[in-house]
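The residues making up each chain are set out below.
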Amino acid sequence: MDVNVSELSHSDLYGIILNSVAPRPIAWVSTVSGTGSPNLAPFSFFNAVCIDPPLLAFAPGLRPSKTSTLNEGEPKDTLRNIREAEEFVVSIVTFALVESMNITSGEYHASVNEWDLAHVTPEPSRLVRPCRVKESPVSFECKLHQIVDFSPAPTSSSLVIGRVVALHINDENLKDGRLDRNSLDLIGRMGGIQYARTRDRFELARPKVE
């Protein structure tokens, strides 16, 4: 198979990219609207993008508009809340939290409290208004750094870049005062409804270049 992207349908291109660019880490993003309503939702277009300054980025997709007759999408609650409040929290997702995370992926009305649906604990943050997921081993409090809008089409998305201003690590995931990476039973998103578990690991040192 060797084709130009312009020759592929949206669904075909979507499937190829999501099945091959994987596993993808999952950002469990908590936000608060301008009126104080909490929201919690997962996003697998997510990664760390810089350490100095410490930046995390994720890309929430748009969804078809329920009111506009134009071919334009509307932002999900997460993106709208971040535009209003300019802050959010990213909690990482472990295998033990996968069912709760999945529940919060539904397209609920803005009035629905996903925290209650998922039965997870909103723990107050130090420097931002949104709470973090207490059951998550690592959470990052973020202030909005930048939003990049790619297209108004309902098939598009926006890139949200946040600057980490505080972080939380559960005590049971610390070893000698440092994060114990081997204690993190993380999951990754594959294509479709598939996920991967990160318990099968190996070590590989970089080559030494003289």
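See the structure printed just above.
Residues numbered from 1 in each chain as written. Predicted model: local features only at pLDDT ≥ 70, side-chain atom pairs only at ≥ 80, totals over all residues. Heavy atoms only, no water.

(A) Layout of the overall build of the protein. Within the protein one finds four helices and 15 strands. Here the C-alpha radius of gyration of the protein, 18 Å, is about what a compact globule of 210 residues would show, namely 17 Å. By its C-alpha atoms, the protein is 60 × 50 × 35 Å across when sized along the principal axes. Only carbon and sulfur atoms are counted for the fraction: they give 52% of the accessible area of the protein, which is about 12900 Å². (Helix = DSSP H or I, 4+ residues; strand = E, 2+ residues; numbered from the N terminus. Rg over C-alpha atoms; globule rule 2.2 N^0.38 Å. Areas by Shrake-Rupley, 256 points an atom, 1.4 Å probe, with all protein chains shown as cover.)

(B) View of the sheet that holds strand E3 (residues 46-51). Taken together, the seven strands give an open sheet; going across it, the order is E2-E1-E7-E10-E11-E4-E3, and neighbouring strands pair in antiparallel fashion. The sheet terminates laterally at strand E2 (38-43) and E3, the two strands that pair on one side only. In this sheet, neighbouring strand axes are inclined to one another by 35 degrees on average, regardless of whether the strands run parallel or antiparallel. Inspection of the sheet shows strand E10 (residues 138-149) paired to strand E11 (residues 158-169) by eleven bridges, in the antiparallel sense. Its bridge partner being in E11, leucine 144 is matched across the sheet by glycine 162. (Pairing = 2+ DSSP bridges. Axes fitted to C-alpha atoms, helices over the stretch in contact; angles between N-to-C directions.)

(C) Just the environment of leucine 40, in detail. When you line up the elements, leucine 40 lands in strand E2. Once the C-alpha coordinates of leucine 40 and lysine 175 are considered, the two residues, 135 residues apart in sequence, prove to be 29 Å apart. Apart from the residues lying within four places of it in its own chain, the contact partners of leucine 40 are Trp28, Val29, Ser30, Thr104, Glu114, Trp115, Val120 and Val133. (Contact = heavy atoms within 4.5 Å.)

(D) Region of interest: the side chain of asparagine 170. With respect to the helices and strands, asparagine 170 occurs in the loop between E11 and strand E12 (174-175). Within the structure, the side chain of asparagine 170 is placed 3.1 Å from the backbone oxygen of serine 136, a separation counted as a polar contact. Excluding its chain neighbours within four sequence positions, the residues that come into contact with asparagine 170 are Arg132, Lys134, Glu135, Ser136 and Pro137. (Polar contact = N/O pair within 3.5 Å; in protein donor to acceptor, adjacent residues only side chain to side chain.)

(E) Molecular detail of the pattern of salt bridges. Scanning the model with the defined rule gives eight salt bridges in all. The salt bridge involving arginine 63 is made with aspartate 77; its shortest N-O contact spans 3.5 Å. You can see arginine 63 sitting in strand E5 (residues 63-64) and its partner aspartate 77 sitting in helix H2 (residues 77-85), a full 14 residues away along the chain. Accessibility expressed as a relative area gives 8% for aspartate 77, which makes it buried. For the salt bridge of aspartate 149 with arginine 83, the shortest nitrogen-to-oxygen distance reads 2.7 Å. Of the two residues, aspartate 149 sits in strand E10 while arginine 83 sits in helix H2, which places them 66 residues apart along the sequence. Salt bridges linked by common partners bring Arg63, Glu74, Lys76, Asp77, Arg80 and Glu107 together as one network. (Salt bridge = Lys/Arg side-chain N within 4 Å of Asp/Glu carboxyl O. Buried < 20%, exposed > 50% of the residue type's maximum accessible area, 1.4 Å probe, protein only.)

(F) Quick look at the pairing of E3. Here five bridges tie E3 to strand E4 (residues 54-58), and the two strands are oriented antiparallel to one another. Each residue of the ladder has a partner; that of cysteine 50, found in E4, is leucine 55. Turn length for the E3-E4 hairpin, with the two strands adjacent in sequence and antiparallel, is two residues.

(G) View of the packing of aromatic side chains. In total, this model carries two aromatic pairs according to the counting rule given. Between phenylalanine 43 and phenylalanine 58, the ring centres sit 5.1 Å apart and the planes meet at 40 degrees, which makes this aromatic pair tilted. Of this pair, phenylalanine 43 sits in strand E2 while phenylalanine 58 sits in strand E4, and the two are 15 residues apart along the sequence. Through a chain of ring-to-ring contacts, the aromatic side chains of Phe43, Phe58 and Phe88 assemble into a single cluster. Arginine 197 extends its terminal NZ or CZ atom over the ring of phenylalanine 95, reaching a point 3.5 Å from the ring centre. (Phe/Tyr/Trp six-rings, centres within 6.5 Å; stacked < 30°, edge-to-face > 60°. Lys NZ or Arg CZ within 6 Å of the ring centre and 35° of its normal.)

Shape is all these values report; function is a separate question.
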